Number of protein chains: 2
Amino acid sequence: MFSQTVEYALRAVVFLADHAPTACTTDQISTATQVPKPYLSKVLQNLGRNNIVRSQRGIGGGVTLVKMPNELTILEVVNAVEPIERIHTCPLGLKSHGTKLCPLHQRMDEALEMVEKSFNQTTVAEMLAEPGGSHPLCENPKATAEKQVKKRQ
Amino acid sequence: MFSQTVEYALRAVVFLADHAPTACTTDQISTATQVPKPYLSKVLQNLGRNNIVRSQRGIGGGVTLVKMPNELTILEVVNAVEPIERIHTCPLGLKSHGTKLCPLHQRMDEALEMVEKSFNQTTVAEMLAEPGGSHPLCENPKATAEKQVKKRQ
DNA sequence: ACAAAACAGGACGTCAATGTCCATTTTAAC
DNA sequence: GTTAAAATGGACATTGACGTCCTGTTTTGT
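Residues numbered from 1 in each chain as written. Chains lettered and ligands numbered in written order. Predicted model: local features only at pLDDT ≥ 70, side-chain atom pairs only at ≥ 80, totals over all residues. Heavy atoms only, no water.

## Concerning the side chain of A:H105
In plain terms, the rule: A helix here means a DSSP run of H or I that spans at least four residues, while a strand means a run of E at least two residues long, and both kinds are numbered starting from the N terminus. The buried label applies to any residue whose accessible area, calculated with a 1.4 Å probe on protein chains only, is under 20% of its type's maximum; exposed applies above 50%, and partly exposed to all values in between. By the convention used here, residues are in contact when the closest approach between their heavy atoms is within 4.5 Å.
Among the structural elements, A:H105 can be located in helix α5 (residues 103-121). Given the relative accessible area of 1%, A:H105 is considered buried. When near neighbours in sequence (up to four residues on either side) are disregarded, A:H105 contacts A:I87, A:P91, A:L92 and B:E7.

Right, dumping it as structure tokens:
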């Protein structure tokens, strides 16, 4: 239902949010999210072109979120890598249906709408709030404490 | 979001329901649903193996639904060709997460659950009831009237 | 028995998603 | 300036989804 790429993009963004505003390298993200580094690199480039993340080359560089985690929705991330395609016109091209979908496609589009709305209502920040659940991408629920800030000098 | 195969399977099933309990040939279904015949054939075989449709070889043969349209849900059809995979355990294999998903995967699974429930609540028969919308797969909304019953002799 | 209609199934082709690899460019530190 | 860290981009490999084709098998009507 959801592609690998969507899953990977969300993992990366959650990781970045968890470390914001510190920049993270592809290596760090790859290790933590268990996404193959070369592929992750492509996904991040894609997120960069769609203005979800910003990247900085060279020593001390890395990737950061463009928006604040509490202003970035999962829908924005999903739409950046694989847009949710709502059904607007009859896929069979039946002219008489026009803008009015038949019940089949109405139902399918309703499902898409539900997902779209749900994803639009969830910010990346909400996923770090651990409402009873475990912390994203971390083995130890309390691992947030020792956030490893990278020294620059 | 939904694969072509799912779309094709649903079109075929809706067409069969619209003509139930008369058997339809792959040719008829292919023409009406605009699904390439050889591929439709594979999809129907798949639906057959999953006991959604039954097929009859030879002259006068064709494909029919196993269940009554009002007892067949879209979920059953979807699950036959491409099962909705709910997220039950942490995709990263983090042991400490166990059965408790992190917020990210909770949200993704919630979306899957919504779609699953929605599809489970919709029967194929409901899609022929044309609640204000147009009739499935038919150019003319009133084309149902002249249902072309195939003569056997 | 024979012919025609119809499904079954295997082999093959194509393409996009996924994944890998390497050379290049940018940047900071020394 | 040199070096090392890091992203960029292009080329390539692999795999599964989608689609086609052909041969065989079943069934009915004559």
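## Overview of the environment of B:E116
Looking at the element boundaries, B:E116 is found in helix α5 (residues 103-120). When residues no more than four places from it in sequence are discounted, the contact partners of B:E116 are B:L75, B:I84 and B:R86.

## Description of the packing of aromatic side chains
In this description, a pair of aromatic rings is defined by centroid distance and the angle of the planes. Residue and element names in this part refer to chain B. Let me state the cut-off plainly: Classification of ring pairs rests on two measures: the distance between centres of Phe, Tyr or Trp rings, Trp counted by its six-membered ring, which must be within 6.5 Å, and the angle between planes, read as stacked under 30 degrees, edge-to-face over 60 and tilted in between.
Taken as a whole, this structure holds four aromatic pairs over all chains when the rule is applied. Taking the centre distance of 6.0 Å and the plane angle of 75° together, the rings of Y8 and Y39 count as edge-to-face. With Y8 in helix α1 (residues 4-19) and Y39 in helix α3 (residues 37-49), this residue pair connects regions lying 31 residues apart in the sequence. We classify Y39 as partly exposed; its relative accessible area is 38%.

## Some remarks on helix α3 (residues 37-49) of chain A
Residues and elements named next belong to chain A. Short version of the rule: By this rule, a helix spans an expected 1.5 Å times one less than how many residues it contains. It is the directions from the helix axis to the C-beta atoms whose arc is reported.
In a regular helix each residue adds 1.5 Å, so 13 residues correspond to 18 Å; α3 covers 18 Å between its end C-alpha atoms and thus fits that length. Along α3, the residues that are buried comprise L40, V43, L44 and L47. Projected down its long axis, α3 carries its buried residues within an arc of 100°, all on one side. Residues of α3 that are exposed and point more than 90 degrees away from the buried face comprise P38, K42 and R49. Packed against the buried residues of α3 are α1 (4-19), α2 (26-33), β1 (53-56), β2 (62-65) and α4 (74-81). Where α3 ends, the next residue or the one after it, N51, has phi of about 65°, a positive value.

## Some remarks on the nonpolar core
Keep this limit in mind: Joining through side-chain atoms within 4.5 Å is the link that ties buried Ala, Val, Leu, Ile, Met, Phe, Trp, Tyr and Cys residues into a set, and such a set is a nonpolar core.
Judged by nonpolar contacts, the single largest core of 88 residues is most densely connected at A:L47 and B:L47. With sequence-adjacent residues up to four places away left out, B:L47 is seen in contact with B:A9, B:V13, B:I52, B:V53, B:V77, B:A80 and B:V81.

## Quick notes on the pattern of salt bridges
Note the threshold: Any Lys or Arg side-chain nitrogen found within 4 Å of a carboxyl oxygen on Asp or Glu counts as a salt bridge.
According to the stated counting rule, one finds 14 salt bridges over all chains in the structure shown. B:E126 is the salt-bridge partner of A:R107, the closest N and O atoms lying 3.3 Å from each other. With A:R107 in helix α5 and B:E126 in the segment after α5, this pair bridges two chains. A relative accessible area of 23% places A:R107 in the partly exposed class. We classify B:E126 as partly exposed; its relative accessible area is 32%. Linking A:K117 and A:E113 is a salt bridge whose minimum nitrogen-to-oxygen distance equals 3.5 Å.

## Side note on the confidence of the model for chain A
Under the convention used in this document: Confidence per residue, as judged by the predictor, is encoded in pLDDT with a range of 0 to 100.
In the predicted model, chain A carries a mean pLDDT of 86, and the fraction of residues at 70 or more is 82%. Here residues 141-153 of chain A scores under 50 on pLDDT; set against residues more than four positions off or in separate chains, the count is 10 contacts.

## Quick look at the environment of B:N70
All names here are of chain B. With respect to the helices and strands, the residue N70 is situated in the loop between β2 (62-65) and α4 (74-81). Its relative accessible area of 51% is what places N70 among the exposed residues. In this structure, the C-alpha to C-alpha distance between N70 and V81, residues 11 residues apart in sequence, is 20 Å. When sequence neighbours within four positions are dropped, the list of residues in contact with N70 reads T123 and A125.

## Describing α1(B)
In a regular helix each residue adds 1.5 Å, so 16 residues correspond to 22 Å; α1(B) covers 23 Å between its end C-alpha atoms and thus fits that length. Buried residues dominate α1(B), accounting for 14 of its 16 residues.

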